[in-house]
Amino acid sequence: MTDTSTATAASVPLAPRALPLLGHALPLLRDPLAFIMSLSGYREMVRVRLGPSTAMMICDPDLTRQVFLNDRVFDKGGPIYDRIREVIGDGLSTCPYPLHRRQRRLCQPSFHPTRLAGYGAVFARAAEAKAGSWRDGDVLDITQEMMTLTTRATMETMFSGSLPAETMRRALADTSTIVTAFFRRMMTPALLRRVPTPRKRRYDQARDRLSATIAEIIAERRADPTDHADLLSTLVAAVDEESRDGQKQLSDTELADEALTFFLGGMETTAITLAWAMHLLATSPDVQRRLQAETHQVLAGGKVDPARLPSLDLAARVVTETLRLYPPAWMMTRAVRQDTELGGVQLKGGSTIVLSPYLLHRRPDLYPEPDRFDPDRWLGGQPDRAAYIPFGAGARKCIGDQFALTEAILALTAIVARWELTPVGDQPFQPKVETSLSSRGLRLRISERRTSGTGDAEPHSATPRSTPAHPSTPPGAGGCPVKH
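Presented here is a report on the structure given in the accompanying data block. None of these values were measured; they are calculated from a predicted model.

Moving on to the overall build of the chain. Helix and strand content of the chain: 16 helices and 13 strands. For 484 residues, the compact-globule formula gives about 23 Å, and the C-alpha radius of gyration of the chain, at 22 Å, lands near that figure. When its C-alpha atoms are laid out on the principal axes, the chain stretches across 70 × 60 × 45 Å. Per-residue burial over the chain gives 55% buried out of 484 residues. Split by element, the accessible area of the chain, about 20500 Å² in all, is 52% carbon and sulfur. Measuring between centres, the 60 positive side-chain charges of the chain sit 5 Å from its 55 negative side-chain charges.

Put into structure tokens, the structure is as follows:
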């Protein structure tokens, strides 16, 4: 881009195929990943029309990081967060900048590293129980199985116990209904979102039921001040000594918003990450054998133990690579709160920024062979903070990132230690693009592992011949210059 010191938003190229009134809504609804990857040739930014509104799509890692780090100007907002607020209100992940710092201080004790050991024990028990419930030769809806696992773990870490089976089943179904509806509602004009269709009625009913369930649990906890040594207890007891308006603790409304935020985040995104990791292992038997060897060596026939987490090196890299290929938050939006400049372009207050971890994570100049599942690309160093953003960055980076990583690594280890994963059929599995990159409908066959007692895989240090991840990018996109 030339003469960027005087560039205006109007001088930024408009993505092709915009339609009158609808803008780019149709390609985004029909094949959103293909549309996002079609923008990979724009190295800095490109304009995208969402209905009558125009948003600025950021395609550069350094500019993306600038947006993340300046959350006062580039605040949480835009169509994605407007829809999420319909369910979780102004929770930590959606609240505007003026509310965020206080809420972050009040929520931080719940995710202190000293609490991870206790959470890890819950994750390990839930994973062992789930892995132990399967039978040799089962063909599983693996996303549903992982949702059940993470729901149980989230309920116990948040509320020190599982909900009754029927309540948990309903919560799981309601969450699925809500999450599935987010993306379509995000792309639907406001007038049409108000039309009382059967789809809207199902969404409203699911949202109201889930909110009522959380509110009932909170009311019971308020009436019982006992420390239950769970996440909700720390939220109820948290005090913000820096509060300047006298509100040193979370109100009932704020507590409900935070509980819904952590419930939905802890259940859905971790389950999807685990399902994708298992899919990638099933289609990459060489990596799966090496991971089996690691579990044999580290667990030595015992159960998963959070204390062994530092030794689960390959499992951690598998999760890291899974989050690169399938970042749950594949697209994010930000609202520009005041006139500002980004990358030499003047942006008006009130405009919308769009960010895509999926796009950045598959740029070949940042990641050689970007569509290939290769956990060993992470050997010898940490991910680049600008180019790897599954949890975002800056002050708004996901507060539960270590919580989610711990759960995913321990659960994956418990499963691979016991079961061999193989695909069902020969057809590649397509992501279901919603607010998250969903793996709904993914089915895998499990077979009981039979080890020789000395390990049944090639050595951990062996160089893998990783296979390509599912080609969810459009044909040819891998040759173009290209979340969470």
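Additional details are given in the paragraphs that follow.
Right, let's get into the packing of aromatic side chains. Given two aromatic rings, one states the distance between the centres and the angle between the planes to describe the pair. Tallying each qualifying case throughout the model produces nine aromatic pairs. Ring centres of Tyr119 and Phe403 lie 5.3 Å apart, and the angle between their planes is 70°; on these two criteria the pair is classed as edge-to-face. Pair noted here: Tyr119 is in helix 6 (residues 113-132) and Phe403 is in helix 16 (residues 401-416), with a separation of 284 residues, a long-range link. This pair shows no difference in class: Tyr119 is buried, exactly as Phe403 is. On the numbers, 5.0 Å between centres and 65° between planes, the contact of Trp378 with Tyr388 is edge-to-face. In this pair, Trp378 sits in the loop between helix 15 (357-361) and helix 16 while Tyr388 sits in the loop between helix 15 and helix 16, placing the two residues 10 residues apart along the sequence. Comparing Trp378 with Tyr388 shows no difference in burial state: the two are buried. In this arrangement the basic side chain of Arg324 is found over the ring face of Tyr367, its NZ or CZ atom lying 5.1 Å from the centre. Sitting above the plane of the Tyr326 ring, Arg362 keeps its charged end 5.5 Å from the centroid.

An order of 1-8-7 is seen for the three strands of this open sheet, with the pairing classed as mixed. Each end of this open sheet is capped by a strand with a single partner; those strands are strand 1 (7-8) and strand 7 (340-342). Note that strand 1 and strand 8 (residues 345-347) share two bridges and pair parallel. Residue pairing for strand 8: Thr8 is matched across the bridge by Gln346.

On the surface, Leu19, Leu21 and Leu22 cluster together to form a nonpolar patch covering roughly 290 Å² of accessible area. Topologically, Leu19 is positioned in the loop between strand 1 and helix 1 (25-30).

The next point concerns the packing of helix 6 against helix 7 (residues 142-159). Relative to each other, helix 6 and helix 7 sit at 145°, their axes nearing to 9 Å. Of the two elements, helix 6 crosses helix 7, and the hand of that crossing is right-handed. Every residue of helix 7 that contacts helix 6 at Tyr119, Val122, Phe123, Arg125, Ala126, Ala127 and Lys130 is listed here: Glu145, Met146, Thr148, Leu149, Ala153, Glu156 and Thr157. Among the residues forming the contact of helix 6 with helix 7, the class breakdown is eight nonpolar, two polar and four charged.

This part takes up the side chain of Ser436. Relative to the helices and strands, Ser436 resides in the loop between strand 11 (432-433) and strand 12 (437-438). A polar contact is formed between the side chain of Ser436 and the side chain of Glu268, at a distance of 3.3 Å. Each residue touching Ser436, except ones within four places of it in the same chain, is listed here: Glu268, Thr269, Ile272, Pro328 and Trp330.

Of the two faces of strand 9 (residues 352-355), the one carrying Thr352 and Val354 and the one carrying Ile353 and Leu355 are both buried. Where strand 6 (residues 332-336) lies against strand 9, four bridges are found, and the strand directions are antiparallel. Bridged to Arg334 within strand 9 is Ile353.

This next bit is on the sheet that holds strand 2 (residues 45-50). Overall, mixed pairing links the five strands, which are arranged 2-3-9-6-4 in an open sheet. The sheet is open, and its two edges are formed by strand 2 and strand 4 (74-76), each paired on a single side. The sheet shows a mean angle of 40° between the axes of neighbouring strands, taken without regard to direction. Taken together, the three bridges between strand 4 and strand 6 define a ladder with antiparallel strand orientation. Residue pairing for strand 6: Lys76 is matched across the bridge by Arg334. Strands in contact with helix 4 (residues 79-88) are strand 2, strand 4, strand 6 and strand 9; relative to strand 6, the strand with the most contacts, it is inclined by about 100°.

Bringing the pattern of salt bridges into the picture now. Under the defined criterion, the tally for this structure stands at 28 salt bridges. Where Arg125 meets Glu156, a salt bridge forms, and the shortest distance between an N and an O atom there is 2.6 Å. Taken as a pair, Arg125 in helix 6 and Glu156 in helix 7 lie far apart in primary sequence, 31 residues in all. Under the relative-accessibility criterion, Glu156 is labelled partly exposed at 28%.

The next thing to look at is the nonpolar core. Ile353 and Leu412 are the most contacted members of the largest nonpolar core, which has 137 residues in total. When residues of this core are assigned to their parent elements, the largest contribution, 18 residues, is made by helix 12 (residues 252-282). Not counting residues up to four positions away in its chain, the partners in contact with Leu412 are Leu274, Ala277, Met278, Leu281, Leu291, Ala315, Val318 and Val319.

To continue, consider helix 10 (residues 198-223). Because an α-helix packs 3.6 residues into every turn, residues spaced three or four apart end up facing the same way. The terminal C-alpha atoms of helix 10 lie 38 Å apart, and with 26 residues this matches the ideal 38 Å at 1.5 Å per residue to within 8%. Residues of helix 10 that are buried include every one of Lys200, Tyr203, Asp204, Ala206, Arg207, Leu210, Thr213, Ile214, Ile217, Ile218 and Arg221, and no others.

Parameters and conventions
Residues numbered from 1 in each chain as written. Predicted model: local features only at pLDDT ≥ 70, side-chain atom pairs only at ≥ 80, totals over all residues. Heavy atoms only, no water. Helix = DSSP H or I, 4+ residues; strand = E, 2+ residues; numbered from the N terminus. Rg over C-alpha atoms; globule rule 2.2 N^0.38 Å. Buried < 20%, exposed > 50% of the residue type's maximum accessible area, 1.4 Å probe, protein only. Areas by Shrake-Rupley, 256 points an atom, 1.4 Å probe, with all protein chains shown as cover. Lys, Arg positive; Asp, Glu negative; His and termini not counted. Charge placed at Lys NZ, Arg CZ, Asp CG, Glu CD. Phe/Tyr/Trp six-rings, centres within 6.5 Å; stacked < 30°, edge-to-face > 60°. Lys NZ or Arg CZ within 6 Å of the ring centre and 35° of its normal. Pairing = 2+ DSSP bridges. Patch = residues over 30% accessible without salt bridge, like charges linked within 9 Å, V, L, I, M, F, W, Y side chains within 5 Å. Salt bridge = Lys/Arg side-chain N within 4 Å of Asp/Glu carboxyl O. Axes fitted to C-alpha atoms, helices over the stretch in contact; angles between N-to-C directions. Left-handed = near helix turned anticlockwise from the far one by under 90°. Contact = heavy atoms within 4.5 Å. Nonpolar A, V, L, I, M, F, W, Y, C, P; charged D, E, K, R; others polar. Polar contact = N/O pair within 3.5 Å; in protein donor to acceptor, adjacent residues only side chain to side chain. Core = buried A, V, L, I, M, F, W, Y, C linked by side-chain atoms within 4.5 Å. Expected span 1.5 Å × (residues − 1).

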